[in-house]
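Architecture at a glance
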Amino acid sequence: MGKKKHRESHYRTSRRFHQDDDEYSSALPSSAFDLPPPPQDDDDEGEEGEEEEVEESHEKSKHDLGSDTDTPSKFDLYQLSVQSPKGDISYMLKFFLMYVGGRQPLHLQEDFCGTALLSTEWLRSDPRRTAVGLDLDLESLDWCLDNNLSKVGSDVSSRLSLFHGNVLQPYESRLVCHPPKIDFIKDLSLDYSIGSQVQSGIPTTMGDATLPARDIVCAFNYSCCCLHSRKDLIAYFKHALNALSRKGGIFVMDLYGGTSSECKLRLQRKFSGFTYIWEQEEFDVINRKTKISLHFQFGKKKALRHAFSYHWRLWSIPEIKDCMEEAGFKSVHFWMREMPDTHLHENADEYTAGRDVKYEELSTFRQRDAWNAYVVAVTNV
Ligand SMILES: C[S@@+](CC[C@H](N)C(=O)[O-])C[C@H]1O[C@@H](n2cnc3c(N)ncnc32)[C@H](O)[C@@H]1O
């Protein structure tokens with residue numbers, strides 16, 4: 001990511017930046033490409049005129065990103081414009097019921113969790129649930145602790161174990177928040193016994209922690225594309241499989257594709273107070289590499305450019321399936337959703353995904369301009 005040239009100092013955080021409470025049934029699943037519908041506000045005007053440009057810097061302090069500063073943090077903006085955790089949760093519950101069944105899934109692992117918004121929502125909506133979050137970026141995890149978790153109360157936050165580390169070496173990842181309370185552990189069934197490390201103090205790594213076997217492991221917003229080699233992808237899928245309950249579990253990830261995903265592209269979507277922009281650089285067909293940048297524009301004058309940048313290998317669906325099977329999953333299922341044609345939206349103000357278009361389980365799907373998929377891998381029950 002680039003260097004921050006200017007600092008926005010007088011941007012007011014207001015109720016306009018708060019997320020609306022969609023019902024599970026109507027919420028869209030999250031993705032950087034599959035944008036959740038925004039609340040409309042006429043105050044937000046295009047991108048004309050001279051603007052104060054802000055480039056994102058890794059050197060921001062925690063204080064700079066806090067929710068009570070006068071600049072909305074890039075994480076707040078990301079959560080509002082990119083993520084839709086209720087939609088993802090409702091699909092994961094449906095997949096678990098279909099492919100495993102026989103019990104309610106209670107224990108989730110969110111890999112590549114970022115600010116762990118999905119885990120927070122998972123915990124908030126059922127007091128029996130636990131969650132494990134794992135990410136390489138300490139800044140996102142710290143922001144989660146200071147913002148998402150501080151809003152939900154200790155009864156919720158005590159059921160989340162956040163780890164800082166690489167999904168390729170999960171056991172070495174380090175705990176960044178407190179493990180579940182002892183009282184809570186006592187109430188859990190078979191899978192969750194109190195480990196000696198927990199009894200004698202707080203475990204420091206995932207390898208030391210005694211965690212409940214997960215019912216669901218997920219990796220959203222195309223995070224598996226952060227892994228660039230087949231060897232790494234299979235190693236990661238093996239770790240995911242290993243974390244899942246022997247009573248049966250699912251691994252769920254998302255993927256995007258279509259002819260539009262293999263060329264230069266810029267799409268935008270208006271939200272109250274800001275515009276979210278997804279920018280795709282030229283696609284390298286030999287290595288299947290792409291660079292995605294997310295920018296935020298505030299009215300005419302200000303922009304937070306390159307708030308997030310990703311170097312992805314855009315995996316194909318059969319490559320993912322082969323790697324999942326090689327890692328040891330018993331079956332793999334594809335839930336596809338056609339996206340609106342990007343050619344009709346590239347120069348438009350809005351790239352809007354219809355709420356009524358649902359994901360469908362399919363075994364063949366003709367190439368389109370743009371599609372999104374959930375890939376569901378099921379353990380050998
Ligand atoms: C596209 S973001 C997705 C964040 C979140 N899952 C979401 O749904 O919005 C990818 C995340 O993966 C993390 N990441 C990338 N490579 C990783 C790795 N090898 N191990 C753990 N986290 C990684 C990044 O720090 C970033 O937070």
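These notes cover the structure that comes with them. Treat the numbers as computed from the prediction; the structure is a model and nothing was measured.

With respect to unusual backbone geometry
The phi dihedral of Asn221 falls on the positive side, at around 60°, and the residue is not glycine. Judged by its relative accessible area of 6%, Asn221 falls in the buried class. One non-glycine residue, Tyr222, adopts positive backbone phi at about 60°. Turning to its location among the elements, Tyr222 is positioned in the loop between β6 (216-219) and α9 (230-243). Since its relative accessible area comes to 0%, Tyr222 is described here as buried.

As for the site of the ligand
Taken together, 17 residues surround the ligand, and among them Tyr78, Phe112, Asp135, Asn166 and Asn221 come closest. At a separation of 3.0 Å, a nitrogen atom of the ligand approaches a polar backbone atom of Val167. Between the ligand and Asn221, the relevant distance is 2.8 Å, taken from an oxygen atom to a side-chain nitrogen or oxygen of the residue. Burial of the ligand by the protein chains amounts to 89% of its free accessible area of 600 Å².

Structural notes on the packing of aromatic side chains
One pass over the structure, following the stated rule, counts 26 aromatic pairs. A centroid spacing of 4.9 Å and a plane angle of 50° characterise the contact between Tyr78 and Phe308, whose relative ring orientation is tilted. Taken together, the residues span a long stretch of sequence, with Tyr78 in helix α2 (residues 74-81) and Phe308 in strand β11 (residues 302-313) at a distance of 230 residues. Owing to a relative accessible area of 13%, Tyr78 belongs among the buried residues under this scheme. Residue Phe308 is classed as buried on the basis of its relative accessible area of 8%. Plain terms: the ring middles of Tyr310 and Trp312 are 5.0 Å apart, the flat faces sit at 5° to each other, and that makes the pair stacked. In terms of burial, Tyr310 and Trp312 fall into one category: buried.

Focus on the pairing of strand β9 (residues 274-280)
Counting buried residues in β9 gives six out of seven residues, a clear majority hidden from the surface. Relative to β9, strand β8 (residues 265-271) runs antiparallel, the two being bridged by seven bridges. Among the inter-strand pairings, Phe271 is bridged to a residue of β9, identified as Phe274. Count of turn residues in the β8/β9 antiparallel hairpin: two residues, of which Gly273 carries a positive phi of about 90°.

Reading the values: rules and limits
Residues numbered from 1 in each chain as written. Predicted model: local features only at pLDDT ≥ 70, side-chain atom pairs only at ≥ 80, totals over all residues. Heavy atoms only, no water. Buried < 20%, exposed > 50% of the residue type's maximum accessible area, 1.4 Å probe, protein only. Helix = DSSP H or I, 4+ residues; strand = E, 2+ residues; numbered from the N terminus. Near = heavy atom within 4 Å. Polar contact = N/O pair within 3.5 Å; in protein donor to acceptor, adjacent residues only side chain to side chain. Areas by Shrake-Rupley, 256 points an atom, 1.4 Å probe, with all protein chains shown as cover. Phe/Tyr/Trp six-rings, centres within 6.5 Å; stacked < 30°, edge-to-face > 60°. Pairing = 2+ DSSP bridges.

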